[in-house]
Each structure stands twice: as structure tokens, then as C-alpha cells.
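Residues per chain, in single letters:
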Amino acid sequence: MNVLTRAHYMPLYSRLGPYDTAMADHVLWGHERGHAAEAFEHWGHEASVMPHDLLPLMHHRMVGGTSWKARTRDELEERHPGLLERVTRAVEAEGPVIARDLEHLAPPQGPRGDWWDRSDVKRALEYLFITGGVAASRGRHFARTYDAASRAWGLSAADATSDWGLPTEEARQALFDRALVAVGIGTPRDLADHFRLPYTGSAEGRGALDWAESAVERGLASWVTVEGWAERALLATGAVDPGRATATALLSPFDPVCWFRPRLKRMFDVEYRIEIYTPAPQRQYGYYCLPLLVGDQIPARFDLKADRKAGALLVQAAWREPGRAPGARRLPQAAVARAAVRELTTMARWLGLESVSVAPRGDLAPDVASALVPRTGGAADAALG
């Protein structure tokens, strides 16, 4: 998703402010010669970038059976017997590679469809990625690259006898504990969603309430009640109340703050749904809306686009949130607009854009345009100094 900037850059920006994305690529993917990657990509919440110490916790997902895995393997074997094995050998011999490098192993037949259309080689690589048969990374132009897991990770999930991962229940408890540290305070359902863990238990395993009780017993958290919350919550041991929240930040739709919509609604009274897959006439707010965090509230959202050819950050719509965080005073419209302009101009400079342009769509747009003028000394379509 590159309408504004790559999605994985945004959570870092929201927390750090402007930073060198080349540094992030260097740290995450090891783009500099002699520097090993410190992260890997796999199915955490969705497709996620995670530190290497989470690999043993992801192993059970790689080797576990799902209907998608079985169906994909059967379909590929029927269409191209032995393709998975040939692709695996090619990646081990030639990796890191992108899918196009291996298309000759099963050339596409007939015309290609829309952008969702994937060749059988790409499907084979994705199957191997999900099952741990190959390791995925990102190249310099963000294309997903594939390499031998033994080379990228020093281990591989493809071997049925591999034992470097944690057993399923132990891994799920460890992921729940990790979510507790990341979230700080949340209901068991909130914490389970952080790594998309099953909320309810089954005959084969435990559920979120069991993991929550274990965390409390081990001193990692305590049960608390939160005013206005229907369920009890876990408060992480060592979590610190800062007293005041003063930061301003634009949040990605893929930011952990926005992941679990019930928690977002409960904490900030914000109803949020990304609309990139919604047909344009049916969109309520815009294609790529970013919530704006101001202190302890999310008072607005903005449909943003980076027009790189024109060198402009386009504010295609600006909306005031109708609700407010429980217990908080509603921020004045002018204050929200001023905070928004500060953040929008900061983001534009970070993206290397020379101006901010505010379209008239949205109930906050006039205030944002007015606040932009004295800050830049220009018009609503303002060049940055």
C-alpha cells in the first residue's frame, strides 16, 4: 500500500516522527553489506514484520494444518506435479529471488487477470512462505523476496522433524504475554487479537481467559476494572501512567492502535473501517484515511495521498470525529485543525513533498485550510518553507 508511504514505515513514523527510511530498511532487511536482517516477515496479526526472537513462537503456525494449505498444495500438485519441490530447490540454489525469477518453472498459461491474479509459481512461493519452507524478506523496491530458510534464519520449518519451535500451547501463551507488554492494558479479547489468537478454548487447547489467568499467576499482570468497560482488563506489571498524553501523530490504518476495532471504539469512541476495498461511490470518508491522535484523543481523520509527481501532500478529505474519548473534554475545532496542520506539514517534509493541498471535502476541511494559511503564509494549497 503505497498511496502515501509503505505501510510498515508508518507505525515507526507515528512513534518516532520523521526518520530515515533507509535506516529502517537497513535494520529490518539487512540491505547493507555485512549486516544481517533483524526482522522477518510472517503471519503475526496479518502479514507482519517481526523481530527474530518471535520465530520460535511462529513455528506452530508454519507447521500447523489449515484448509488453505491443504487445498493449495493439492491444487498445485494436480496442475504441476513436483512444482513445490522444484521451487524449493531453486530458491535454495539461487535465492534470494523474486517470483518472476522462477516463472520458467511453470510458465503462465493464457492472459493474466487483474492485480490479484497470481501465477502458480507465485502461489507455490506463498505456500512455502506460509509453511516455513522458504523465508520472505523485502528487496530494495519492496518486492517480496524469497530465500532458503536455513540461510535467512539458520533453520527451517519445512522439515517435519524440526524442533526449534515452541509447542503450540506454549507458543500461544508466549504470544499472549508479548501482547500484554505491547498493549499495556486490555481485555483478554483485546490481547488475543494482537496476534490473532483464538479467544475461546477447545478440547485440544486453552483460550484467552486461560492465558490471562496464567499471566496473573506469574506476576506479569493484574486484573483491573476500567470505568465504562463491560469486561475486566489486564494491566501489565510495570506499565506506567505518564500523567499526561501530549503527543500528536497520524496513525496508519495498519497501526496496532487501530487493529482491533472494539478496543478502538471503547477507548476513543472511534468507529473505523479502512475503505480501500470499498467501491468509490460507497466510501464514507475516503480511500486511505488516517486517524489523528492528539494527546489521549482521536478527534479527526484525513484521507491522504502523496502526489509525488506534483510534490504535494493531498488532503483529499478532512473529517472531525463525532465522538470523544470517554472522560475527556471535546477538543475545540480550531485546536484540532492547528494540531492537524502541524502534523500534516511535518509528514509532508518527511515524505520529501514541497506543499500541502487541502480539498474542500469533509466537515473539518475549512478549518484545516484556514489554519494552514497563517502557518505557511500562503493559501490552502500551500508551499512549505
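Computed from a predicted structure; not experimentally measured.

Right, let's get into the side chain of E343. Note that E343 resides in helix α13 (residues 333–350). One buried charged residue, E343, forms no salt bridge at all, with the nearest opposite charge on R342 at 7.6 Å. Here E343 is in contact with Y13, T248, A249, L250 and L292, once residues within four sequence places are set aside.

Below, the discussion takes up the packing of aromatic side chains. Taken as a whole, this structure holds 6 aromatic pairs when the rule is applied. Arranged with centres 6.0 Å apart and planes meeting at 50 degrees, the rings of F176 and W211 form a pair that is tilted. Of this pair, F176 sits in helix α8 (residues 168–183) while W211 sits in helix α10 (residues 208–217); the two residues are 35 residues apart in sequence, bridging distant segments of the chain. Pair check on accessibility: F176 and W211 agree, each one buried. An aromatic cluster is built from Y13, Y19 and W350, whose rings are joined through pairwise contacts. Sitting above the plane of the Y199 ring, R189 keeps its charged end 3.7 Å from the centroid.

So, on to the nonpolar core. Membership of the largest hydrophobic core comes to 39 residues, with the highest contact counts inside it found for L4, F302, L304, L313, M347 and V368. Mapped onto this core, the elements with two or more residues apiece are α1 (10–16), β9 (289–294), β10 (297–307), β11 (312–320), α13, β12 (355–358) and α14 (365–376). Per-element tally for this core: the top contributor is α13, with 9 residues. Contacts of L304, omitting those with residues within four sequence positions, involve V3, L4, L250, Y288, L290, L313, L314, V315, Q316, L344 and M347. Counting 27 residues, the second largest nonpolar core, distinct from the first, contains L57, M58, A179 and V183.

Looking now at the sheet that holds strand β7 (residues 233–236). Reading across the sheet, the 3 strands line up as β5-β7-β6 and stay open at both edges, with antiparallel pairing between neighbours. Among the strands making up the open sheet, the edge pair consists of β5 (185–186) and β6 (221–224). Summarising the sheet, β5 and β7 pair through 2 bridges and their orientation is antiparallel. Residue pairing across strands places I185 opposite L235, the latter belonging to β7. Contacts from α10 reach β6 and β7 within the one sheet, and its direction differs from that of β6 by about 115 degrees.

Taken together, the buried positions of helix α3 (residues 55–63) are occupied by L55, L57, M58, H59, H60 and M62. The secondary structure elements touched by the buried residues of α3 are β1 (39–43), β2 (47–51), α4 (67–79), α6 (120–130) and α8.

All right, on to the environment of L166 then. Residue placement: L166 occurs in the loop between α7 (149–152) and α8. Measuring from C-alpha to C-alpha, the distance between L166 and D20 comes to 35 Å, with 146 residues separating the pair along the chain.

Next up on the list: the environment of Q173. Note on placement: Q173 falls in helix α8. You can call Q173 buried: its relative accessible area is 7%. Spatially, the C-alpha atom of Q173 lies 8.3 Å from that of S214, the residues being 41 residues apart in sequence.

Here we come to the pairing of β11. With 7 of 9 residues buried, β11 lies mostly within the body of the structure. Pairing analysis gives 8 bridges linking β10 to β11, with the strands arranged antiparallel. Of the residues in β11, the one forming a bridge with D307 is A312. Remark: 4 residues form the turn of the hairpin made by β10 and β11, two consecutive strands paired antiparallel; G311 in that turn has positive phi of roughly 70 degrees. Here 4 bridges tie β11 to β12, and the two strands are oriented parallel to one another. Bridged to L314 within β12 is S357. Taken together, β11, α13 and β12 constitute a β-α-β crossover, and its handedness is right-handed.

Cut-off values and rules
Residues numbered from 1 in each chain as written. Predicted model: local features only at pLDDT ≥ 70, side-chain atom pairs only at ≥ 80, totals over all residues. Heavy atoms only, no water. Helix = DSSP H or I, 4+ residues; strand = E, 2+ residues; numbered from the N terminus. Buried < 20%, exposed > 50% of the residue type's maximum accessible area, 1.4 Å probe, protein only. Lys, Arg positive; Asp, Glu negative; His and termini not counted. Salt bridge = Lys/Arg side-chain N within 4 Å of Asp/Glu carboxyl O. Contact = heavy atoms within 4.5 Å. Phe/Tyr/Trp six-rings, centres within 6.5 Å; stacked < 30°, edge-to-face > 60°. Lys NZ or Arg CZ within 6 Å of the ring centre and 35° of its normal. Core = buried A, V, L, I, M, F, W, Y, C linked by side-chain atoms within 4.5 Å. Pairing = 2+ DSSP bridges. Axes fitted to C-alpha atoms, helices over the stretch in contact; angles between N-to-C directions. Right-handed = clockwise from strand over helix to strand, strands pointing away.

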